[in-house]
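Analysis of the macromolecular model
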Amino acid sequence: GVVSLVAAPLLVGGEVIGVVQVGTGKKHRFSSRDLRLLQLVADRSAASIERARLDEDARRSRLGAEHARLHLSILALAGDEMATALESYDDALSRLVGVIVPTFADWFAVDLAESSGEVRRVACGSRARDPITSSLHRHPQGDDLVHRVMAGGRPEVLMNTQYRGPEAAAADAEAGGYSEAPPASGIESMVIVPVHVRGLSFGALSFVTGSGRRGYRPSDLETARGLAERVAIAVERVLLWRESRAAERAATRNAGQLRRLMEAALAVNAPLAESEVLRVVADHARRILGAEAAVVSPVTDTPDGPGLVEVSSPATLTPAQTALVGVACDLVATSDRPVRWPTGTTAED
């Protein structure tokens, strides 16, 4: 239906970003003046479009800078809180909840492995401050997801499949590394990242955003990993402190045992009768090992079993204890090796 047409390019810095076209339904002869006027309109339109694009780029850059500053601030505050952990990390992790919620997440939890192998929820908090949710994971299968992240050592990302962002309102989220969050849970998105300590998955951090808040993005996942690294450093520091304390106690205990062993050697070397030697040996054995009682039972060639029994403390044994001593003496004498009961325990136990 267009009979006559005139067009002019939208130029920005010598680059064509579009075209302005004007047409008529009747035959019309556009003059050179019409062309110059249309080009003027095109130039002003191109300038307006370029300015709008620059404004949008500036807005995105500003939001990106603010987002980056916010994440850096969160990481810095988290590092300050984690730096206070020495003897225990429980209090520091409880304070970390206040750093994460509500700035970075609407719900946050820290799960760490215990020495028994069980996973314990060390800290948890939400924007609503509901005490009921303090011990429950926000996701219905959250505990299973935490164990899966710890077992695999890789983050888990969940989001509502109906993405309601400004770029694609009510459009389905792209298929990929996302699991669907149940609508009834009120979860918009969730990220679970592992906490690696000494090359092993020692625990996991769970971050959740609720309805009305945008879902997590790749930059948020990097921040979550940064938080997990700071938690791992704090856990490593606490473990090292505990190990140093245990080593210090063991060294003190060993030094005491060596001192008492020297005292025992001097006492045994004194000119004593056999019964007195047995008494001294039993007494010093009890002191060296810090035991409640010590028994010395010489092995004889008589068929009656052990010979003279000396007890340092208590002075007498119950019938059950006497029977146990007899069994132990027979076992050691026949096997010619030390015996520890119950079996399977360590020296520390």
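Before any of the text, the structure's been laid out above.
Residues numbered from 1 in each chain as written. Predicted model: local features only at pLDDT ≥ 70, side-chain atom pairs only at ≥ 80, totals over all residues. Heavy atoms only, no water.

**Focus: the packing of helix α1 (residues 32-82) against helix α2 (residues 90-100)**
- Direction vectors running N to C along α1 and α2 enclose 165°, while the axes themselves pass 9 Å from each other. For the element pair α1 / α2, the angle class is roughly antiparallel. Helix-helix and strand crossings are classified by hand; for α1 and α2 the assignment is right-handed. Seen from α1, the contacting residues are I74, L77, A78, E81 and M82; seen from α2, they are A92, L93, R95, L96, V99 and I100.
- Along the lines of polarity and charge, the residues of the contact of α1 with α2 split into nine nonpolar, no polar and two charged. (Axes fitted to C-alpha atoms, helices over the stretch in contact; angles between N-to-C directions. Helix = DSSP H or I, 4+ residues; strand = E, 2+ residues; numbered from the N terminus. Parallel < 35°, antiparallel > 145°, perpendicular 65-115°, else oblique. Left-handed = near helix turned anticlockwise from the far one by under 90°. Contact = heavy atoms within 4.5 Å. Nonpolar A, V, L, I, M, F, W, Y, C, P; charged D, E, K, R; others polar.)

**Things to note about a nonpolar patch on the surface**
- Judged by side-chain polarity, L11, V16 and V19 come together as a nonpolar surface patch covering roughly 250 Å² of accessible area.
- Topologically, L11 is positioned in strand β1 (residues 4-12). (Patch = residues over 30% accessible without salt bridge, like charges linked within 9 Å, V, L, I, M, F, W, Y side chains within 5 Å. Areas by Shrake-Rupley, 256 points an atom, 1.4 Å probe, with all protein chains shown as cover. Salt bridge = Lys/Arg side-chain N within 4 Å of Asp/Glu carboxyl O.)

**What about helix α3 (residues 142-152)?**
- Where α3 is concerned, the buried positions are G142, L145, V146, V149 and M150. The buried residues of α3 occupy an angular sector of 135° when the element is viewed end-on, so they sit on one face. Pointing more than 90 degrees away from the buried face of α3 are the exposed residues D144 and A151.
- On its buried side, α3 packs onto β3 (107-113), β4 (119-126), β5 (156-159), β9 (187-197) and β10 (200-210).
- Immediately downstream of α3, the backbone of G153 shows phi near 70°, a positive value. (Buried < 20%, exposed > 50% of the residue type's maximum accessible area, 1.4 Å probe, protein only. Arc of directions from axis to C-beta.)

**Observations regarding the environment of H28**
- One can find H28 in the loop between β2 (15-24) and α1.
- By relative accessible area, H28 is classed as partly exposed at 41%.
- Along the chain, H28 and V3 lie 25 residues apart, while their C-alpha atoms are 7.7 Å from each other.
- In contact with H28, not counting residues within four places along its chain, are S4 and D34.

**So, the pattern of salt bridges**
- Summed over all chains, the structure comprises twelve salt bridges.
- With its nearest N and O atoms 3.3 Å apart, the salt bridge here joins D90 to R120. With D90 in helix α2 and R120 in strand β4, this residue pair connects regions lying 30 residues apart in the sequence.
- Residue classification places D90 among the partly exposed residues on the basis of a relative accessible area of 23%.
- Salt bridges here are not isolated pairs; linked through shared partners, they connect D90, E114 and R120.

**Focus on the pairing of β10**
- Among the eleven residues that make up β10, nine are buried, leaving the element largely enclosed by the rest of the structure.
- Inspection of the sheet shows β3 paired to β10 by six bridges, in the antiparallel sense. Residue D111 lies in a different strand from β10, and its bridge partner there is A204.
- In this structure, β9 lies alongside β10, joined through ten bridges in antiparallel fashion. Looking at the pairing, I192 lines up with S206 of β10.
- Following β9, the chain reverses through two residues before pairing antiparallel with β10; R198 in that reversal takes a positive phi of roughly 55°. (Pairing = 2+ DSSP bridges.)

**Digging into the side chain of S206**
- By the element assignment, S206 lies in strand β10.
- One polar contact links S206 to H137, side chain to side chain, over a distance of 3.1 Å.
- Here S206 is in contact with W107, F108, A109, D111, H137, V146, V191 and I192, once residues within four sequence places are set aside. (Polar contact = N/O pair within 3.5 Å; in protein donor to acceptor, adjacent residues only side chain to side chain.)

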